[in-house]
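Secondary and tertiary structure notes
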Amino acid sequence: ETTESPTRVRRMLAARTWARPARRALLAADLFPSRSARASSMAAQKRPRTTARALADDYPRDDDRASETAFLASGFRYEARRTASFETRGEAFRSERAASADALRLERLPRASFVPSLTSAKRKGHAGRVAVVGGCEEYTGAPFFAAISALKTGCDVVHVFCTPSAAPVIKSYSPEIIAHPYVFARDLALRNDANDAELPNDRSGSNYDDHGALALPSNERAMFEEGVRKTERWLRNMDAVVIGPGLGRDATSLAFAREILAFARRMKIPTVVDADGLFLVSLDPLVVRGNPDAVLTPNAAELTRLARAVLGEQEATELESADPKSSDEDSDARLLAARASATRRLSEALSGVAILSKGSVDLGACSVTGDVEAKDKEHVVAWCAVNEGGSPRRCGGQGDVLAGTLATFLAWASIAKSQVSATPRDDTRHKAKDSKTSLSAAEKVSAAAHAALVTRGAAGLAFEESKRATTASDLVEFLGGAFEKRFPAHRASYASAEERAEETETETALQA
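Residues numbered from 1 in each chain as written. Predicted model: local features only at pLDDT ≥ 70, side-chain atom pairs only at ≥ 80, totals over all residues. Heavy atoms only, no water.

A few words now on the overall build of the protein. Per the secondary structure count, the protein includes 19 helices and 11 strands. Expressed as a percentage of its 512 residues, the buried residues of the protein come to 55%. A sequence separation of at least 24 residues applies to 72% of the contacts in the protein between residues at least 6 apart. With the model as given, the accessible surface of the protein reaches about 22800 Å², and the carbon-plus-sulfur share is 49%. (Helix = DSSP H or I, 4+ residues; strand = E, 2+ residues; numbered from the N terminus. Buried < 20%, exposed > 50% of the residue type's maximum accessible area, 1.4 Å probe, protein only. Contact = heavy atoms within 4.5 Å. Areas by Shrake-Rupley, 256 points an atom, 1.4 Å probe, with all protein chains shown as cover.)

This part covers the nonpolar core. If you look at the biggest cluster of nonpolar residues, it comprises 64 residues, and the most contacted ones within it are V115, V130, V158, I177, L406 and F409. Tallying contributions element by element places helix α17 (residues 441-466) first for this core, with 11 residues. Counting 46 residues, the second-largest nonpolar core is a separate cluster that includes F263, V281, L306 and A342. (Core = buried A, V, L, I, M, F, W, Y, C linked by side-chain atoms within 4.5 Å.)

Looking now at the packing of helix α11 (residues 251-266) against helix α12 (residues 276-283). Contact geometry of α11 with α12 gives a least axis separation of 10 Å together with a crossing angle of 85°. Between α11 and α12, the interaxial angle falls into the category roughly perpendicular. Taken together, the residues of α12 that come into contact with α11 (itself represented by L254, A257, R258 and L261) are D276, F279, L280 and L283. Of the residues contributing to the contact of α11 with α12, the split by class is six nonpolar, no polar and two charged. (Axes fitted to C-alpha atoms, helices over the stretch in contact; angles between N-to-C directions. Parallel < 35°, antiparallel > 145°, perpendicular 65-115°, else oblique. Nonpolar A, V, L, I, M, F, W, Y, C, P; charged D, E, K, R; others polar.)

As enumerated under the stated definition, the model contains 10 aromatic pairs in all. Centroid distance F144 to Y173: 5.2 Å. Interplanar angle 65°. Geometry classified as edge-to-face. With F144 in helix α8 (residues 141-153) and Y173 in helix α9 (residues 167-173), this pair connects stretches of sequence that are 29 residues apart. What makes Y173 partly exposed here is its relative accessible area of 39%. Both rings, one in F409 and one in W412, keep their centres 5.4 Å apart while their planes meet at 80°; by these two values the pair is edge-to-face. Here W412 and F409 lie together in helix α16 (residues 398-421), a separation of three residues that amounts to about one turn. With respect to burial, F409 and W412 carry one shared label: buried. Members of the aromatic cluster, each reached through a chain of ring pairs, are F409, W412, F483, F487 and Y494. (Phe/Tyr/Trp six-rings, centres within 6.5 Å; stacked < 30°, edge-to-face > 60°.)

In this model, S351 sits at a positive phi of 60°, which is unusual for a non-glycine residue. Of note, S351 is situated in the loop between α15 (329-349) and β9 (354-357). Unlike most non-glycine residues, K467 shows phi in positive territory, near 50°. Its place among the elements puts K467 in the loop between α17 and α18 (472-486).

A packed helix pair is summarised by two numbers, namely the angle formed by the two axes and the spacing between the axes. Interhelical geometry of helix α13 (residues 300-310) versus helix α14 (residues 313-322) gives an angle of 155° and a closest axis separation of 6 Å. The orientation of α13 relative to α14 falls into the category roughly antiparallel. Here α13 runs over α14; the crossing is right-handed. Counting all contacts with α13, which are made through L303, T304, A307 and R308, the residues of α14 involved are E313, E315, A316, L319 and E320. When grouped by side-chain class, the residues that make up the contact of α13 with α14 number four nonpolar, one polar and four charged. (Left-handed = near helix turned anticlockwise from the far one by under 90°.)

Once that is clear, we can look at the pairing of strand β6 (residues 240-243). Both faces of β6 are covered, namely the face carrying A240 and V242 and the face carrying V241 and I243. With four bridges connecting them, strand β3 (residues 129-133) and β6 associate as parallel partners. Bridging from a neighbouring strand, A131 pairs with V241 of β6. Sheet topology places β6 next to strand β7 (residues 271-273); three bridges connect them, and they run parallel. Bridge pairing in β7 links V241 to T271. (Pairing = 2+ DSSP bridges.)

What follows concerns α17. In this model, α17 (26 residues) spans 37 Å end to end at C-alpha, consistent with the 38 Å of a helix rising 1.5 Å per residue. Counting buried positions over the 26 residues of α17 gives 20, a clear majority of the element. Downstream of α17 by one or two residues, K467 has phi in the positive range, about 50°. (Expected span 1.5 Å × (residues − 1).)

A separate point is the environment of I243. Checked against the element boundaries, I243 lands in strand β6. When the C-alpha atoms of I243 and A275 are compared, they prove to be 8.2 Å apart, with 32 residues separating the residues in sequence. What I243 contacts, discounting residues up to four positions off in sequence, is V133, A257, I260, L261, T271, V272, V273, D274 and G277.

Under the defined criterion, the tally for this structure stands at 15 salt bridges. Here D362 and R456 are joined by a salt bridge, their closest N and O atoms 3.2 Å apart. Of the two residues, D362 sits in strand β10 (residues 362-367) while R456 sits in helix α17, which places them 94 residues apart along the sequence. R456 sits in the buried class, given a relative accessible area of 10%. (Salt bridge = Lys/Arg side-chain N within 4 Å of Asp/Glu carboxyl O.)

Attention now goes to the pairing of β3. Judged by how many residues are buried, β3 sits mostly within the fold: five of five residues are covered. Residues R129, A131 and V133 line one face of β3 and the alternating positions V130 and V132 line the opposite face, and both faces are buried. As paired elements, β3 and strand β4 (residues 157-161) share five bridges and run parallel to each other. Residue pairing in the sheet places V132 in a bridge with V160 of β4. Where the polypeptide runs from β3 across α8 and back to β4, its parallel neighbour, the crossover connection is right-handed. (Right-handed = clockwise from strand over helix to strand, strands pointing away.)

Turning our attention to α14. Every buried residue of α14 is accounted for by E315, A316, L319 and A322. Across the axial projection of α14, the buried residues extend over an arc of 130°, all falling on one side. For α14, the exposed residues lying more than 90 degrees away from the buried face are Q314 and S321. (Arc of directions from axis to C-beta.)

Remember that the coordinates give geometry; whether it matters functionally is a separate question.
Written out as structure tokens, the structure reads:
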């Protein structure tokens, strides 16, 4: 968006010559910062830094990729960039202008005030209701792990919406999980190769009729639509939904997931898309593009598939070529840099959808762009890198545990935001659709960071106990201990220091 060289732009930023092309270049710059010598020096730490100088220092240099990768891999990192101060919050996006340098503010700590404290005054449902859409005859473990992890993290009620053949099996795993056999599945199989599969947005293949609808007999069409209606009726009371674990890849299941994704978007329900739900997104990225309430959780293979579908063949090839055949410091650094770039660019290309890329370092990113439908977004960009805890044992089901844990944190963030925006006469558990507000980039990435930290903590504890015999069931058993380590039950509030300062600032501004 500018003809100036990167070096010239950096000099303009440092000199506070905020020409429009330079400002645009800054907001479009790489998301993951590296530490420059000036920023790390004691003099720079003691000297008050202007917002312009701080941004110029923190954004990465093109010639400093090694330092950037080392910074990402060195441990837990979090940052969010707010568009405006309290007095002018949201004005930049209402007028579709880039935020000015003086209005930009940085957050260095993940938000945690939305995590509810434990009191005897609360009732069932006040700590969240989570839905999991997935589970078929072949795959019943994935939805169970997502559901039980949401419960173990701290939500009150979990519902699983699955095929009729999977429901009794999932119910037999745990009496705490409510299973609904509403997902209609018929063997209209899509091939596993996303490049050759029938595209749901094309709807011109053998599985679809002349009107773009699934080519089902009338009785089966009625069963499919009835299952969608029943699921939507339950989802109206949900605070978060996970779509994809164990869903399967036949056309009817994917069409069902497509309908639920659209409904959750209309109702502004935070949505975690994982596993087969990501396969659907790779076939048709428009099902999530511009959804401010969606969080995608791809593993390495799924990230490559999404990059190929959304960003193009070149980005996917870069990811594949960076994936090392054998692990060493240089190859790990190349892979981490490639994943960081793909994660950031995916969020930008999908217009504000948050991405949590799973790997040796969990990378989260959410970039808010001008065409996001939700109004009054509070942050232009947020990111996190999590390298704490974890386990060298990579057993199946860990991604499902993370998806369920993330859903609980998103549900809490949504409930907290609804309570803030509710009027005194509102029922804060069941607010009207029009009064519900989408989560900001910082809230989504904060939830992703907390979920990654808790899941990795549980994996570390489980590995200490079981070593090579560790399975996903062991992770579930240690979720409580990992959560307690980060959020002690006796605490009345988990707000970060930055959030407490913001609350004080807000109260002072309202009193004035």
